[in-house]
Protein chains: 2
Amino acid sequence: MAELRRRARGGGGAARRAERTAVRIETARFIERNIPDLEILTPEALEIIEANAETILEEIGVAFVENPAALERWREAGADVSGERVRLPRGLARTLCATAPARFTQAARNPERNVEIGGRSLVLAPVYGPPFVRDIDGGRRYATMADFEKFVKLGYMSKWLHHSGGTVCEPTDVPVNKRHLDMLYAHMSLSDKPFMGSVTDPDRASDSIEMCEILFGKEFVAENAVMTSLININSPLTFDNVMMGALERYAAAGQACIISPFIVGGAMAPVSVMGTLTQVLAEVMAGVAYSQLIRPGAPAIFGAFVTSIDMNSGAPTFGTPEAAQITYGAGQLARRLGLPYRSAGSFNGSKLPDAQAAYETANSLNAGLVSGVNFMLHACGWLEGGLVASPEKFVMDADQLGVLHKLAAGVDISAEAQAMDAIREVGPGGHYLGCAHTQANFKAAFWRSDLLDYKPFETWADDGARDTTQLAAARVEKLLADYQQPMLDPATDEALKAYIAKRKEQMPDAFV
Amino acid sequence: MAELRRRARGGGGAARRAERTAVRIETARFIERNIPDLEILTPEALEIIEANAETILEEIGVAFVENPAALERWREAGADVSGERVRLPRGLARTLCATAPARFTQAARNPERNVEIGGRSLVLAPVYGPPFVRDIDGGRRYATMADFEKFVKLGYMSKWLHHSGGTVCEPTDVPVNKRHLDMLYAHMSLSDKPFMGSVTDPDRASDSIEMCEILFGKEFVAENAVMTSLININSPLTFDNVMMGALERYAAAGQACIISPFIVGGAMAPVSVMGTLTQVLAEVMAGVAYSQLIRPGAPAIFGAFVTSIDMNSGAPTFGTPEAAQITYGAGQLARRLGLPYRSAGSFNGSKLPDAQAAYETANSLNAGLVSGVNFMLHACGWLEGGLVASPEKFVMDADQLGVLHKLAAGVDISAEAQAMDAIREVGPGGHYLGCAHTQANFKAAFWRSDLLDYKPFETWADDGARDTTQLAAARVEKLLADYQQPMLDPATDEALKAYIAKRKEQMPDAFV
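Residues numbered from 1 in each chain as written. Chains lettered and ligands numbered in written order. Predicted model: local features only at pLDDT ≥ 70, side-chain atom pairs only at ≥ 80, totals over all residues. Heavy atoms only, no water.

Student: Got a minute to help me understand the overall build of chain A in this structure?
Tutor: Each helix and strand in chain A was counted, giving 20 helices and 19 strands. Expected size for 512 residues packed as a compact globule is a radius of gyration near 24 Å; at 24 Å, chain A falls within 12% of this value. Structurally, chain A occupies a C-alpha span of about 75 × 60 × 45 Å along its principal axes. The contacts of chain A with a sequence gap of at least 6 include a subset with a gap of at least 24, amounting to 76%. Within the structure as shown, chain A displays about 17000 Å² of accessible surface, and the carbon and sulfur contribution to it stands at 51%. Looking at charge distribution, chain A has the averaged site of its 50 positive side-chain charges lying 5 Å from that of its 62 negative ones. (Helix = DSSP H or I, 4+ residues; strand = E, 2+ residues; numbered from the N terminus. Rg over C-alpha atoms; globule rule 2.2 N^0.38 Å. Contact = heavy atoms within 4.5 Å. Areas by Shrake-Rupley, 256 points an atom, 1.4 Å probe, with all protein chains shown as cover. Lys, Arg positive; Asp, Glu negative; His and termini not counted. Charge placed at Lys NZ, Arg CZ, Asp CG, Glu CD.)

And the structure:
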């Protein structure tokens, strides 16, 4: 691993030459919040939820489906197992959760891109899972592997994105049982940011681990989290054997999992914020506890993907006040449990990257920041309730993530920032544009969008009167034109390709 | 006044018949927050700002321009006056501010629409001041009185808007010295929500008061705040005689003023959050103190209209992290001063009601809610840095204000909301759509947009694949079609018209 890094960061003369001519790809360090969290639940509310969650686990229990080994593990841990139903004595889940770390490092192949997950950190990762793509040129269509690679490149080029993500879209032109290999290879070769592993089958999780062993070295993977993968709970209260199978592989390998109820409130959870939070807590505690039965100390994240349903159409809705309340509340519950927290994202139900998409997204991003989210999946690129990934929306959202960075940094209270000399210099009726303090500080003073329009009306009109989607399309084009693949050790690259070829040969193609 | 109210709310048979056939215009009660504020400044930072603000007032002072009476008042109050410069001994401004009420009621002609300003309240008012209008049909053009009336009607029809505002746009087809009369009459006759008075000349403030005496009765106006008007400070540190002249008339009449620095950071204040907050506090303290010199106990609001400058183009920028930090910080300073707080709004720099407009607006609305704003001017309808009012943006933003209401209400922790019976009923693997708890609660459970699209993709496509602006245009049309003028006592109406006619006759037309 140490050897790999030395080589990847400029071994021979060719590498050094490449580095000198390379476009400088700047990635911000993950966010360390210097502002407080907004805590909307009172201690009384929190205690009610925690007591009720214990009641759920004790009295109703959770189902571990088609997973006899899991039932056996639970039995040994002291749970009451009846059929596939697992009932946990009060306190058992919380006790088991205590061995999961409050904060951990996920390593990237470029160690400058390592991220810390937990505590006051906030790590931003792109959209996950859409089967469709919509772009300004092609409209809405099924996603392909070429789209996938485009999103990985955009993620690599996005300054405010710390993480390459996982299934940035679902490439439907590759067999379903093999696409995880191509997706992982894209993250590994087209980016040097950290990424996620496959969860759609336990063997695909094992493939993910083995490919990481090639990329990072076997010893390094044994000792470090190199993937953070998304384990959805089949709410209400059900843990299916596919997701749990993937969890078992990852936890056993010491790799991080997000244990995440997937809830459209009113359908998979009660039609109330308190009820939903209670169910979320019960589910996450059971899931994280299970990961600790597999391997105490395996990194686990308290996930909450929760939104509400539109009772007229049955469609999930996003950027709503109830979703925000759940995001705030679940953050408080996660902190009391001592676990890193995953929630929020560029959620919206719009078909287009228009004002609806932006209102709903901004509502969720803002709630995510002040609710204390540590890992924000879907932080950019999401459209149409997650059915669609959009490159224009991707860069629009990724630009807004810069706002979160600056806000989270808090307020500089140094003597220079107090600016009393400037106020003295300018005095009543003057202006600050030319004063010494402004000259010394203006470059770093204000966050500036790389995408939005700040021009006077006339200039904007002369430039084609472009809306945000058109500005975003231009930025997508520029980022892809500027893209340069980060150096990957050729021997590692060959080994990854050989592994993929071997695995593909072992399986017939499957498309469902 | 009591007589007027009785009559306005259904005196004769005609009125009763009108009431029975009227479209029900529902307006939400002003928000009473049941969630905490986000306090991003530490006690240390707050103390530094407060000490530095006192230093500004003591050492640099503020200018009261072309206003000898003001200088005399300050001298009597113990300030050091030299030329037009007023220097305040440490503590004087804060002591004077203490007589301003922490919370007050602004009466509306329909007492159901009265608003409380201060404490945990949040009152929402529309955009103020744009000389241009942009709509989906006509593009961008100078605003007219017909536009003004349209915005007042939209405000009246908007459920989440508590206040009719003031100069919802600047009607450029009416003489500048007379348009305040027409604008006030529009608020008084087309709406029954509370409104703002004119501030562009002291005599126009007096006209505003006299028209209110006709509408509410002279005694009522003497005893109640019936207008909340916007007094901008000419930052840095300058109080011009026009705005102060209006303030003097309003304060003397016991009418409420928002004392509001108008700051583009980097131009009218230092290029730092701490420096800007310090100047804001000094300016507001001087302004509110002056209002209390006019009449101790006159309602005054701590205003902060603060944004940052784009150092490339010189344009003001909106929805930025620095603007949010100032919004949070100024809220803390206002609460420590015991004053109601005005800030935030539907701010954005976009030329169109597109994604940029919505991101920036949502950033500001969200910051406004959790920074403890009590009076949010510009809560809907703002476009292009405030140069443009847009009916489509107006209804889009007004819809989003519903999100703030629900969020602010906090989380219901009742046994019904805990939903344990529902969780028991549904159990692992079930769904909640049909359960008893869902049936009993779904109607009020989730906030629902009156504008945004929640349809499945195919239905949306069949319906014309409309973006948010097109949906908003349809809503504008519907609201205006449904609009019915609220009953106004005919004698009052005649008296208002007579006053306006008399005043117009007394003045030659002026257009600058």
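Student: Can you walk me through the relation of the copies chain A and chain B in this structure?
Tutor: The operation relating the pair of chain copies consists of a rotation about an axis and a translation along that axis. Aligned on chain B, chain A shows an RMSD of 0.0 Å; the corresponding rotation is 180° and the shift along the axis is 0.0 Å. Taken together, the rotation angle and the small translation identify this as a two-fold axis. The rotation axis passes nearest to the C-alpha of alanine 355 of chain A in chain A, at a distance of 2.1 Å. Interface overlap between copies: 100% of the residues of chain A at the interface are likewise at the interface in chain B, consistent with a symmetric, same-surface contact. (Least-squares fit on C-alpha atoms with pLDDT ≥ 70 in both.)

Student: Looking at this structure, how should I read the pairing of strand S8 (residues 132-135) of chain B?
Tutor: Both faces of the sheet carry side chains from a regular strand, because those side chains alternate between them. All names here are of chain B. Side chains of S8 alternate between two faces, with Phe132 and Arg134 and Val133 and Asp135 buried alike. Summarising the sheet, S8 and strand S9 (residues 139-142) pair through four bridges and their orientation is antiparallel. Looking at S9, one finds that arginine 134 is bridged to arginine 140. Taking the residues that link successive antiparallel strands as the turn, the S8-S9 hairpin has three residues. Judged from the two bridges that link them, S8 and strand S19 (residues 388-389) form a sheet pairing that is parallel. Each residue of the ladder has a partner; that of valine 133, found in S19, is alanine 389. (Buried < 20%, exposed > 50% of the residue type's maximum accessible area, 1.4 Å probe, protein only. Pairing = 2+ DSSP bridges.)

Student: Hey, could you run me through the environment of tyrosine 499 of chain B in this one?
Tutor: All names here are of chain B. Residue position: tyrosine 499 is located in helix H20 (residues 490-506). On a C-alpha basis, the gap between tyrosine 499 and cysteine 212 in space is 11 Å, while along the polypeptide they are 287 residues apart. Beyond its immediate stretch of four places on either side in the chain, tyrosine 499 contacts Leu181, Asp207, Glu210, Met211 and Ile214.

Student: Would you explain the pairing of strand S10 (residues 228-233) of chain B in this entry?
Tutor: All names here are of chain B. Extensive coverage of S10 is indicated by the burial of five of its six residues. Relative to strand S12 (residues 256-265), S10 runs parallel, the two sharing six bridges. Looking across to S12, one finds that serine 229 is bridged to cysteine 257.

Student: Just checking my understanding: could you explain the confidence of the model for chain A for this structure?
Tutor: Do not read the predicted coordinates in detail wherever pLDDT is low. Residue and element names in this part refer to chain A. Model confidence for chain A is summarised by a mean pLDDT of 94, while 95% of its residues fall at 70 or above. Below a pLDDT of 50 lies the segment residues 1-11, which in the model reaches 23 contacts outside its immediate sequence neighbourhood of four places, other chains included. Predicted as a complex, the structure gets a pTM of 0.95 and an ipTM equal to 0.95. (pLDDT = per-residue confidence, 0-100.)

Student: Would you take a moment to explain the packing of aromatic side chains for this structure?
Tutor: For any pair of aromatic rings, geometry is given as the distance between the ring centres together with the angle between the planes. Residue and element names in this part refer to chain A. The final tally for this structure, using the stated rule, is 33 aromatic pairs over all chains. Relative to phenylalanine 220, the ring of phenylalanine 216 lies with its centre 5.7 Å away and its plane at 10°, an arrangement referred to as stacked. A relative accessible area of 0% means that phenylalanine 216 is categorised as buried. Note on phenylalanine 220: relative accessible area 15%, which makes it buried. (Phe/Tyr/Trp six-rings, centres within 6.5 Å; stacked < 30°, edge-to-face > 60°.)

Student: Even after reading the chapter, I still don't get the domain arrangement of chain A, so can you show me in this structure?
Tutor: Interface size, as often reported, equals the accessible area lost upon joining of the parts. All names here are of chain A. Split into domains, chain A comes out as domain 1 (43-96), domain 2 (101-408) and domain 3 (418-448). Relative placement of domain 1 and domain 2: their C-alpha centres are 25 Å apart. In this complex, domain 1 contributes 26 residues to the contact, which on the side of domain 2 involves 24 residues. Contact between domain 1 and domain 2 buries roughly 2300 Å² in total, counting both sides, with carbon and sulfur atoms accounting for 72%. Counting every contact that joins domain 1 to domain 2 gives two salt bridges. Across the salt bridge formed by arginine 336 and glutamate 50, the nearest N and O atoms sit 2.8 Å from each other. Scanning the region where domain 1 abuts domain 2 turns up eight residue pairs in polar contact (both at pLDDT 80 or more). Sorting the residues of the side of domain 1 that touches domain 2 by element identifies helix H3 (43-60), strand S2 (62-64), helix H4 (68-77) and helix H5 (92-97) as the ones contributing at least two each. Sorting elements by how many residues they give to the side of domain 1 that touches domain 2 places H3 first, with twelve residues. (Domains from an automatic or database assignment. Buried area = accessible area lost by both parts, 1.4 Å probe. Salt bridge = Lys/Arg side-chain N within 4 Å of Asp/Glu carboxyl O. Polar contact = N/O pair within 3.5 Å; in protein donor to acceptor, adjacent residues only side chain to side chain.)

Student: For this particular structure, what's the right way to read the interface of chain A and chain B?
Tutor: Residue-level contacts link 110 residues of chain A with 110 residues of chain B. Taking both sides of the interface into account, the surface hidden between chain A and chain B amounts to around 9100 Å²; carbon and sulfur atoms contribute 68%. Among the ionic pairs, lysine 351 of chain B bridges to aspartate 453 of chain A, the shortest N-O distance being 2.4 Å. At the junction of chain A and chain B, the tally comes to 46 residue pairs in polar contact (both at pLDDT 80 or more). No other element matches the ten residues that helix H13 (residues 355-370) of chain A contributes to the side of chain A that touches chain B. For the side of chain A that touches chain B, the per-class residue count stands at 56 nonpolar, 32 polar and 22 charged. (Nonpolar A, V, L, I, M, F, W, Y, C, P; charged D, E, K, R; others polar.)

Student: Explain the pattern of salt bridges to me, please; I cannot follow it from the model alone.
Tutor: A pair can form between side chains of opposite charge whenever their charged atoms are brought close. Residue and element names in this part refer to chain A. As enumerated under the stated definition, the model contains 60 salt bridges over all chains in all. Note that aspartate 192 is salt-bridged to arginine 113, the shortest N-O span being 3.0 Å. Note that aspartate 192 is positioned in the loop between helix H7 (179-190) and helix H8 (202-216) and arginine 113 in the loop between strand S5 (103-106) and strand S6 (115-118), a separation of 79 residues in sequence. We note that aspartate 192, like arginine 113, is buried.

Student: Can you walk me through the packing of helix H6 (residues 145-157) of chain B against helix H14 (residues 391-408) of chain B in this structure?
Tutor: Packed helix pairs are specified by the crossing angle of their axes together with the interaxial distance, meaning the distance between the axes. All names here are of chain B. Orientation of H6 relative to H14, taken along the N-to-C sense of each, is 15°, at an axis distance of 11 Å. Taken together, the axis directions place H6 and H14 in an arrangement best described as roughly parallel. As for the relative orientation of H6 and H14, their crossing is right-handed in sense. When H6 is examined against H14, the residues Phe151, Leu154 and Gly155 are found in contact with a partner set consisting of Pro391, Phe394 and Val395. Residues that form the contact of H6 with H14 fall into these classes: five nonpolar, one polar and no charged. (Axes fitted to C-alpha atoms, helices over the stretch in contact; angles between N-to-C directions. Parallel < 35°, antiparallel > 145°, perpendicular 65-115°, else oblique. Left-handed = near helix turned anticlockwise from the far one by under 90°.)

Student: Explain helix H12 (residues 321-337) of chain B here, please?
Tutor: Compared with an ideal rise of 1.5 Å per residue, which puts 17 residues at 24 Å, H12 of chain B spans 24 Å between its outermost C-alpha atoms and is within 8% of the ideal. Of the residues flanking the end of H12 of chain B, it is glycine 338 of chain B, one or two places downstream, whose phi is positive at about 75°. (Expected span 1.5 Å × (residues − 1).)

Student: Whenever I open this one, the sheet that holds strand S4 (residues 85-87) of chain A confuses me. Can you help?
Tutor: Within a beta sheet, neighbouring strands are joined by backbone hydrogen bonds and run either parallel or antiparallel to one another. All names here are of chain A. Strand order in this open sheet of four strands is S3-S4-S2-S11, and the pairing throughout is mixed. At either margin of the open sheet sits one strand with a lone partner, and together these are strand S3 (80-82) and strand S11 (238-239). Here S2 runs beside S11; their pairing, made up of two bridges, is parallel. Looking across to S11, one finds that phenylalanine 64 is bridged to phenylalanine 239.

Student: In this structure, what is going on with the sheet that holds strand S11 (residues 238-239) of chain B? I would like to understand it.
Tutor: All names here are of chain B. One open sheet holds the four strands; their spatial order is S3-S4-S2-S11, and the pairing between them is mixed. The outermost strands of the open sheet, each flanked by one partner alone, are strand S3 (80-82) and S11. By the bridge criterion, two bridges tie strand S2 (residues 62-64) to strand S4 (residues 85-87) in an arrangement that is antiparallel. Residue pairing across strands places valine 62 opposite valine 86, the latter belonging to S4.

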